[in-house]
Protein chains: 2
Amino acid sequence: MMEDNLLLLSNSKTHNMEFLEHAREALIDFLDGRRTIYFAPYAAATSAYDSYTATIQTAFKPLDVTVTGLHTVDQPALALRDAEVLFVGGGNSFRLLKTLQQLDVLNVVRERVTRGELRYIGSSAGTNMSCPSLRTTNDMPIVQPASFASFGLIPFQINPHYQDPPINSTHMGETREKRILEFLEENDVPVVGLREGSWLRKRGAHLRLDGLTAARIFRRHTEPQEYQPGSALSWLLTLPAIFDQRL
Amino acid sequence: MMEDNLLLLSNSKTHNMEFLEHAREALIDFLDGRRTIYFAPYAAATSAYDSYTATIQTAFKPLDVTVTGLHTVDQPALALRDAEVLFVGGGNSFRLLKTLQQLDVLNVVRERVTRGELRYIGSSAGTNMSCPSLRTTNDMPIVQPASFASFGLIPFQINPHYQDPPINSTHMGETREKRILEFLEENDVPVVGLREGSWLRKRGAHLRLDGLTAARIFRRHTEPQEYQPGSALSWLLTLPAIFDQRL
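Residues numbered from 1 in each chain as written. Chains lettered and ligands numbered in written order. Predicted model: local features only at pLDDT ≥ 70, side-chain atom pairs only at ≥ 80, totals over all residues. Heavy atoms only, no water.

1. Structural notes on the relation of the copies chain A and chain B
In step 1: The transform that puts chain A on chain B rotates by 180° and translates by 0.0 Å along the axis, for an RMSD of 0.0 Å. Both chain copies can therefore be described as sitting about a two-fold axis.
In step 2: A shared interface surface links the copies, since 98% of the contact residues of chain A are contact residues in chain B too. (Least-squares fit on C-alpha atoms with pLDDT ≥ 70 in both. Contact = heavy atoms within 4.5 Å.)

2. Observations regarding the layout of surface pockets
In step 1: The calculated volume of the largest pocket comes to roughly 920 Å³.
In step 2: Elements with a contribution of two residues or more to the lining of the largest pocket: helix H7 (176-186) of chain A together with helix H7 (176-186) of chain B.
In step 3: Residues of the lining of the largest pocket, tallied by class, amount to six nonpolar, 14 polar and 10 charged.
In step 4: Its volume calculated, the second largest pocket comes out at about 470 Å³.
In step 5: The wall of the second largest pocket is formed by 23 residues, among which A:Glu174, A:Lys178, A:Glu182, B:Gly90 and B:Gly91 lie closest to the centre.
In step 6: Considered class by class, the residues forming the lining of the second largest pocket number eight nonpolar, nine polar and six charged. (1 Å grid on protein atoms, 1.4 Å probe; cavity = no way out; pocket = protein on both sides within 12 Å on 5 of 7 lines; lining within 4 Å. Points joined across faces, edges and corners; volume = space filled by probe spheres on them. Helix = DSSP H or I, 4+ residues; strand = E, 2+ residues; numbered from the N terminus. Nonpolar A, V, L, I, M, F, W, Y, C, P; charged D, E, K, R; others polar.)

3. A few points about the interface of chain A and chain B
In step 1: Taken residue by residue, the interface counts 47 residues in chain A and 46 residues in chain B.
In step 2: There are eight salt bridges connecting chain A and chain B.
In step 3: A:Glu185 is the salt-bridge partner of B:Arg95, the closest N and O atoms lying 2.6 Å from each other.
In step 4: Those elements that provide at least two residues to the side of chain A that touches chain B are helix H4 (93-103), strand S6 (157-162) and H7 of chain A.
In step 5: It is H7(A) that provides the largest number of residues to the side of chain A that touches chain B, a total of seven residues.
In step 6: Looking at the side of chain A that touches chain B residue by residue, the classes come out as 15 nonpolar, 18 polar and 14 charged. (Salt bridge = Lys/Arg side-chain N within 4 Å of Asp/Glu carboxyl O.)

4. Some thoughts on empty space enclosed by the protein
In step 1: All chains considered together, the criterion is met by four cavities of 30 Å³ or more.
In step 2: In this structure, the largest cavity occupies an estimated 50 Å³ of space.
In step 3: Taken together, 13 residues line the largest cavity, and the ones lying closest to its centre are A:Glu174, B:Ser124, B:Asn138, B:Asp139 and B:His161.
In step 4: Those elements that provide at least two residues to the lining of the largest cavity are helix H6 (125-129) and strand S6 (157-162) of chain B.
In step 5: The residue inventory of the lining of the largest cavity, partitioned by class, reads two nonpolar, seven polar and four charged.

5. Examining the packing of aromatic side chains
In step 1: On inspection of all chains with the given rule, the structure shows 21 aromatic pairs over all chains.
In step 2: Taken together, a centroid distance of 5.5 Å and an interplanar angle of 75° make the contact between A:Tyr120 and A:Phe151 edge-to-face. Of this pair, A:Tyr120 sits in strand S5 (residues 119-123) while A:Phe151 is found in the loop between helix H6 (125-129) and S6, placing the two residues 31 residues apart along the sequence. There is no split in this pair, since A:Tyr120 and A:Phe151 are both buried.
In step 3: Seen in terms of ring centroids, B:Phe94 and B:Phe148 are 6.0 Å apart; in terms of plane orientation they differ by 80°. Their pairing is edge-to-face. (Phe/Tyr/Trp six-rings, centres within 6.5 Å; stacked < 30°, edge-to-face > 60°. Buried < 20%, exposed > 50% of the residue type's maximum accessible area, 1.4 Å probe, protein only.)

6. Considerations on the sheet that holds S6(A)
Residue and element names in this part refer to chain A.
In step 1: The strand order across the open sheet built from four strands is S6-S7-S10-S11, with neighbouring strands paired in mixed fashion. Only two strands of the sheet have a single partner each, and these edge strands are S6 and strand S11 (225-227). Strand after strand, the sheet turns through a mean of 25° between neighbouring axes, direction not considered.
In step 2: Relative to the sheet, H7 contacts S6, strand S7 (191-195) and strand S10 (215-218), its axis offset from that of S6 by approximately 170°. (Pairing = 2+ DSSP bridges. Axes fitted to C-alpha atoms, helices over the stretch in contact; angles between N-to-C directions.)

This is a description of form; function is not addressed.
Dropping the structure here:
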């Protein structure tokens, strides 16, 4: 059995940069010579699948990588049995998960990624999908998936686009930190607040934070901790994830 | 049959004001002499039910109104059969809806409010609950309710704490407007973006916007429209709500 290999980006577009530009070196290292990617655009509106896929194709062109929209193949679940890399893009996590459920691709992806046969790139909602559940998404629940259970390629939760509380705000809605602390009131599962420009790379038992910014990790009964790019976070892979256990 | 009577607040705490202070006159008018309220604190963590209820009790004391926490009675569904006013408070909408489902109070509230026997006050997540679905909440899906269907006391959706896009932001996450437009890609249902400090008052076939700020109304195939406090919005009660119809 080979090691699984995941690249989990907070976001694909960073301010003042081209699509995926901030992570280009990490993508080259991750692909390790692979030249074909299936792209899952399902977090976008149906009408945007083609244009979204074209954006990703353009971003990977300089790397000499061919990107195929999973929505353009007749049987996505079948295509994923032979794929070498899957990229799940951002958008709305609820729409993404509902579509993945309808296409019945959750199991094949989970099994092949875990066996190290299929490499997984996620960005934003696609990164949420790699977690056990979509419960730490920022997205609006615009549609109702059959279940919140997602790929579960890692045993903890990620909050992509993590934002620090705004300074001097008069808005009374919850800050991102407040929302994650609410999650911890209901679930005993660590949450990585992954700021824009950063990513996690998992290879087997090794997990590493990289990118442009620090990440903030939240755990029950613990003060949130900051971790700088380059930090080894493999310990996160060894912690239990207990959902629906109220404080 | 009496007219139903709803007061749907965007928020209960406005910057630099006491709890519910911004809506005090509206509350007095709404209660119309009623002196007892049941308060549903279920959007908060279990450990905060008592303190949350105490805050509401304090806010209603000047109005000479007695507030009872629904969590302090043995059988909430039974208590609601005789209640004259229900106040559903803010917090996390997913936690709120899941608890209301577990307590099996959705039907009794829906029926008695519709018959005009029970007046309904919502704030934030409590206002979300008055809609057909929680699909336009801002909250994190920290727990999974059995269904997204909520009280359905009105035929359209509300987005409480509506926020205009921040100026000069470099953040790449979705703005509130973007999220609501995503909702409209999947559902043909009007959405009222209810800014903090504002509320809707429904009496039978009449709906009115009031409070401190304008509201922004989103409909499919239509530019978003601004409505000032004092606007009659009864036309919103006559539009169809079609969920799960993709653009």
